[in-house]
Amino acid sequence: MVSLADYGDYETAWCPGCGNHSILKAMKQALVSLELEPYQVLFVSGIGQAAKAPHYLNTNVFNGLHGRSLPVATGAKLCNSELKVIVESGDGCNYGEGGNHFLATIRRNIDITLIVHDNQVYGLTKGQASPTSETGFVTKNQPEGVFSQPFNPVEVAVAMNASFVARGFSGKIDHLSGLIQTAINHKGFSLVDVLQPCVSFNKVNTFGWYNQRCYTLPDDYDATNRESALKKASEWGERIPIGIIYQNQRPVYEDHYPFIMKGPAAKRPPDVGKFQQIIDSYK
Amino acid sequence: MTETVSLAGMTETPIVIVVAQRPGPSTGLPTRTEQGDLEFVLHSGHGEFPRAIFAPGDVEQAFHLTRMAFEVAQKYNTPVFILTDQFLADSYRSVKPFDLDELKPIDPCAISSVAADPHLTYLLTDSGISPRIFPGMSSWCVKAFSSQELVVADSDEHTQDGHLSEDLSVRVSMVEKRLRKLDGIKHYLVNPEFTGDREPDLLFVCWGSTRGSTIEAAERLRGKGRLVATLHFPQVWPLAAGGFLGKLMSAQETVAVESNATGQFARLIRRETGFHIKRTILRYDGLPITPEYILARI
């Protein structure tokens, strides 16, 4: 039996009241509910306050570069398809610096899970506008307010026919934990964009702001209908839907390459006989 | 590329990178050849960490040095380069079949023979090499590890267990640990290949793909009665003066033959050994160096 204690209990560098604490709690609950042992899971993260999250879990961790968590996660999954690979990083890291990797991973539909701590601001570097910051959002760096249009990751993911797209809220821990579990169990790429307050640097999108707007999708909502999902994904402002927005059963990248599914690459020594055959074919 | 190189240096991830040089800067001459990126590859990635750079001179060397590159990368958990160029990378040539019997597969288990319990990704050792295990592979290499060991790797400076740290003494010990690996890498040095007269009047010094043209130019000069030799470097980093300095000093005149505008390798040799190769034959118009090109400048 896996218990919460297996994943450890660490002192964090996060502010009191930060949404990261709740996301970490939801993540631990999900891992334990799925009975995943720490050694069966690999967390990959980039840079940012969110990217520190894996350091607060007793598991396999690769804490790499800003925006580059998805390439590392992709490589790890290809080398060992038996691992549960989970990427955890922030909105700036994944949608800004890592934007192209986000698109490529959706297209490939590789079987990894992406958890994005989305607080609509760069918190680690003390409050610059991020890709999901609202137009008009005022920061020390953008004193006249953000001019650019915000990136809606959920809408983009649905538009790209991502195979699992969900939005959670750090204020609803059990709901979020359920989403994370479903995402991890989903075969193919899964995105959970998690709205969370940054108590220090985002005084607009606060806990109360999200709490007032976030509503869970009704039970009869059909997440397999892409057309209605697109409409739902674009809903933002006074009301923000949370839950599984869209889901499909697209073919998974690994299944297309049988050698990947034969187990960890490191367990398979180079096939010298095959290599000899290639050499002989040129004789 | 550079951020990956630096990341691999810090996370101690074995990686082999093939750089096929073309004339820059920027898009430059994208379908032509040059050896202009030696200094770039030598210094690519911020921070200080060990690396090795192989520079194959022909197809056979490309085969064997690539295998060695993987061996060095896996053993020392650091980036290793194959520095070639468009000329060699796009070449086709018939070669004798490679003898695979002599090439044993590299066994990562053997490399990770010493382990701490629990596993420490960045265990401090005399050699600087920390045992490496693979996440999630519970029943593999178990002779040294318990079945559920965890791997924690970090691009931030880190403690032995892989978690980020700004402790000053941790920083110093980790910098020194990483750099210690260079001493071991020096055991894998491929000595430069010397051909021609033992005490030449003229010694050509070259690296990488200019090997064939330089050796041929030297042969033609010997045919005319001159005492000429060639020193070709299939590995350009790290350099150990003991392997070649005597050769350089035995020649009356040394000439560096390189496909670049500034004689980067000659400069590197001077930096590492103090030996000044005063004459250079350089080509940087995008075409490969030919024997005729060299002979016209002698």
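Starting afresh in each chain, residues are numbered from 1 along the sequence in its written order. Going through the entries in the order they are written, you letter the chains from A and number the ligands from 1. Local features in this predicted model are restricted to residues of pLDDT 70 or higher, and side-chain atom pairs are both shown and tallied only at a pLDDT of 80 or more, whereas totals for entire chains, interfaces and linings draw on every residue. Note that the side-chain values use all heavy atoms of the structure and ignore hydrogens as well as water.

**Some remarks on the overall build of chain B**
Here comes step 1: Runs of H or I in DSSP of at least four residues are treated as helices and runs of E of at least two as strands, each being numbered from the N terminus. Each helix and strand counted, chain B has 10 helices and 10 strands in total.
Here comes step 2: By the compact-globule yardstick of 19 Å for 298 residues, chain B fits well, its C-alpha radius of gyration being 21 Å.
Here comes step 3: For the C-alpha atoms alone, the extent of chain B along its principal axes is close to 70 × 45 × 40 Å.
Here comes step 4: The buried label applies to any residue whose accessible area, calculated with a 1.4 Å probe on protein chains only, is under 20% of its type's maximum; exposed applies above 50%, and partly exposed to all values in between. Considering chain B as a whole, with its 298 residues, one finds that 52% of them fall into the buried category. Only C-alpha atoms enter the radius of gyration; for comparison, a globular chain is expected to reach 2.2 Å times N to the power 0.38, where N is the number of residues.

**Examining a nonpolar patch on the surface**
Here comes step 1: A contiguous nonpolar patch, built from F275, I278 and Y282 of chain A and spanning about 370 Å² of accessible area, is present on the exposed surface.
Here comes step 2: Accessibility expressed as a relative area gives 35% for F275 of chain A, which makes it partly exposed. Here the term patch refers to residues with relative accessible area over 30% and no salt bridge, with like charges joined within 9 Å and nonpolar side chains (Val, Leu, Ile, Met, Phe, Trp, Tyr) within 5 Å. Only the protein chains shown count as cover for residues, and all accessible areas are computed by the Shrake-Rupley method using a 1.4 Å probe. Whenever a carboxyl oxygen of Asp or Glu lies within 4 Å of a side-chain nitrogen of Lys or Arg, that contact is scored as a salt bridge.

**Some words on the interface of chain B and chain A**
Here comes step 1: Between two residues, a contact is recorded if the distance between any of their heavy atoms is within 4.5 Å. With 29 residues of chain B in contact, the opposing surface of chain A contributes 25 residues.
Here comes step 2: Once two parts are joined, some of their accessible surface, as seen by a 1.4 Å probe, is lost; buried area is that loss totalled over both. Buried surface at the junction of chain B and chain A, summed over both partners, amounts to about 2400 Å²; 66% is from carbon and sulfur atoms.
Here comes step 3: Three residues stand out in chain B for area buried against chain A, namely E3, L100 and L150 of chain B, and they jointly supply 23% of the buried area on that side.
Here comes step 4: At the boundary of chain B with chain A, the tally comes to one salt bridge.
Here comes step 5: Here R68 of chain A and E3 of chain B are joined by a salt bridge, their closest N and O atoms 2.3 Å apart.
Here comes step 6: In protein, a polar contact means a hydrogen-donor-capable atom and an acceptor-capable atom, both N or O and within 3.5 Å, with residues adjacent in sequence counting only if both atoms are side-chain atoms; elsewhere, any N or O pair within 3.5 Å suffices. Across the chain B-chain A interface, the total number found is 11 residue pairs in polar contact (both at pLDDT 80 or more).
Here comes step 7: Elements that contribute at least two residues to the side of chain B that touches chain A include exactly α1 (2-11) and β4 (152-154) of chain B.
Here comes step 8: Paired strands are those between which DSSP finds at least two bridges. When strand β2 (residues 60-63) of chain A meets β4 of chain B, the two strands line up parallel, connected through three bridges. Pairing of N63 of chain A across the sheet is with D154 of chain B, part of β4 of chain B.

**A closer look at the sheet that holds strand β1 (residues 15-21) of chain B**
All names here are of chain B.
Here comes step 1: With mixed pairing, the four strands of this open sheet are ordered in space as β1-β3-β2-β8. Bordering the open sheet on either side are β1 and β8 (235-237), each of which pairs with just one other strand. The mean inter-strand angle of the sheet, taken between neighbouring strand axes irrespective of direction, is 25°.
Here comes step 2: Packing against the sheet, α1 makes contact with β1 and β3 (79-85), and its axis sits at approximately 150° to β3. Between N-to-C directions, angles cover 0 to 180 degrees, with each direction set by a line fitted to C-alpha atoms, over the stretch in contact for helices.

**What about the packing of aromatic side chains?**
Here comes step 1: Side-chain rings of Phe, Tyr and Trp, where Trp is taken by its six-membered ring, are said to pair if the distance between their centres is within 6.5 Å; with planes under 30 degrees apart they count as stacked, over 60 as edge-to-face, and otherwise as tilted. What the rule picks out here adds up to 16 aromatic pairs over all chains.
Here comes step 2: A ring pair is formed by W14 of chain A and Y56 of chain A, whose centres lie 4.9 Å apart and whose planes are at 90°; its orientation type is edge-to-face. Here Y56 of chain A lies in the loop between β1 (41-45) and β2 and W14 of chain A lies in the segment before α1 (19-33), a separation of 42 residues in the sequence.
Here comes step 3: Note on W14 of chain A: relative accessible area 7%, which makes it buried.
Here comes step 4: One aromatic cluster is present, formed by F169, F207, W209, Y210 and W236 of chain A through successive ring pairs.
Here comes step 5: In this structure, R239 of chain A is placed above the aromatic ring of Y215 of chain A, and the distance from its NZ or CZ to the ring centre is 3.9 Å.
Here comes step 6: Only when the NZ of Lys or the CZ of Arg is both within 6 Å of the ring centre and within 35 degrees of the ring normal is a charge said to sit over the ring. The positively charged end of R297 of chain B is found above the aromatic ring belonging to Y293 of chain B, 3.6 Å away from the centroid.

**Notes on the side chain of E157 of chain B**
All names here are of chain B.
Here comes step 1: You can see E157 is positioned in the loop between β4 and α6 (168-185).
Here comes step 2: Here the side chain of E157 touches R178 through a polar contact of 2.8 Å, side chain to side chain.
Here comes step 3: Apart from residues no more than four positions distant in its own chain, E157 is found in contact with M10, H163, L164, S165, R171, M174, V175 and R178.

**Some details on the sheet that holds β2 of chain A**
Consider a sheet: its strands pair through backbone hydrogen bonds, and that pairing is either parallel or antiparallel.
Here comes step 1: Spatially, the nine strands line up as an open sheet ordered β9(A)-β10(A)-β7(A)-β8(A)-β4(A)-β3(A)-β1(A)-β2(A)-β4(B), and their pairing is mixed. Because the sheet does not close on itself, it has two edges, and the strands there are β9 (214-216) of chain A together with β4 of chain B. Here the average twist between neighbouring strands, direction ignored, is 20°.
Here comes step 2: Docked against the sheet, helix α2 (residues 69-79) of chain A engages β1, β2, β3 (84-90) and β4 (113-118) of chain A, running at close to 175° with respect to β3 of chain A.

**Here we look at the packing of α1 of chain A against helix α6 (residues 173-185) of chain A**
All names here are of chain A.
Here comes step 1: Remark: α1 packs on α6, axes separated minimally by 8 Å, with the N-to-C direction vectors making an angle of 50°. Compared by their axis directions, α1 and α6 come out oblique. Here the hand of the crossing between α1 and α6 comes out right-handed. Each of S22, I23, K25, A26, M27, Q29, A30, L31 and S33 in α1 lies in contact with α6, whose residues at this interface are I173, D174, L176, S177, I180, Q181 and I184.
Here comes step 2: In terms of residue class, the contact of α1 with α6 is built from nine nonpolar, five polar and two charged. By definition in this entry, angles of less than 35 degrees are roughly parallel, angles greater than 145 are roughly antiparallel, angles of 65 to 115 are roughly perpendicular, and the rest are oblique. Should the near helix be turned anticlockwise from the far one by less than a right angle, the crossing is termed left-handed; should it be turned clockwise, right-handed. Under the grouping applied here, Gly and all other residues not named as nonpolar or charged are polar, the nonpolar ones being Ala, Val, Leu, Ile, Met, Phe, Trp, Tyr, Cys and Pro and the charged ones Asp, Glu, Lys and Arg.

**Comments concerning the domain arrangement of chain B**
By a widely used convention, the size of an interface equals the accessible area lost when the partners come together.
All names here are of chain B.
Here comes step 1: What the domain assignment lists for chain B is domain 1 (2-102), domain 2 (107-167) and domain 3 (193-295).
Here comes step 2: Counting residues at the interface gives nine residues for domain 1, matched by 12 residues for domain 2.
Here comes step 3: Interface of domain 1 and domain 2: buried area, both sides summed, is about 900 Å²; carbon and sulfur atoms make up 59% of it.
Here comes step 4: At the boundary of domain 1 with domain 2, the tally comes to zero salt bridges.
Here comes step 5: Seen at the junction of domain 1 and domain 2, the total is two residue pairs in polar contact (both at pLDDT 80 or more). Either an automatic procedure or a domain database provided the assignment from which the domain bounds are taken.

**Let's talk about the nonpolar core**
Here comes step 1: We define a nonpolar core as any set of buried Ala, Val, Leu, Ile, Met, Phe, Trp, Tyr and Cys residues linked to one another through side-chain atoms lying within 4.5 Å. Counting residues in each nonpolar core, the largest one holds 44 residues, and the members touching the most others are F233, F265 and I269 of chain B.
Here comes step 2: By residue number, the principal contributor to this core is helix α3 (residues 59-76) of chain B, which donates five residues.
Here comes step 3: Among the domains, domain 1 (2-102) and domain 3 (193-295) of chain B are the pair contributing at least three residues each to this core.
Here comes step 4: Contacts of I269 of chain B, omitting those with residues within four sequence positions, involve V205, F233, L239, F244, L248, G274, F275 and I277 of chain B.
Here comes step 5: Counting residues in each nonpolar core, the second largest holds 35 residues, with L114, Y221 and Y246 of chain A together with M174 of chain B among its members.

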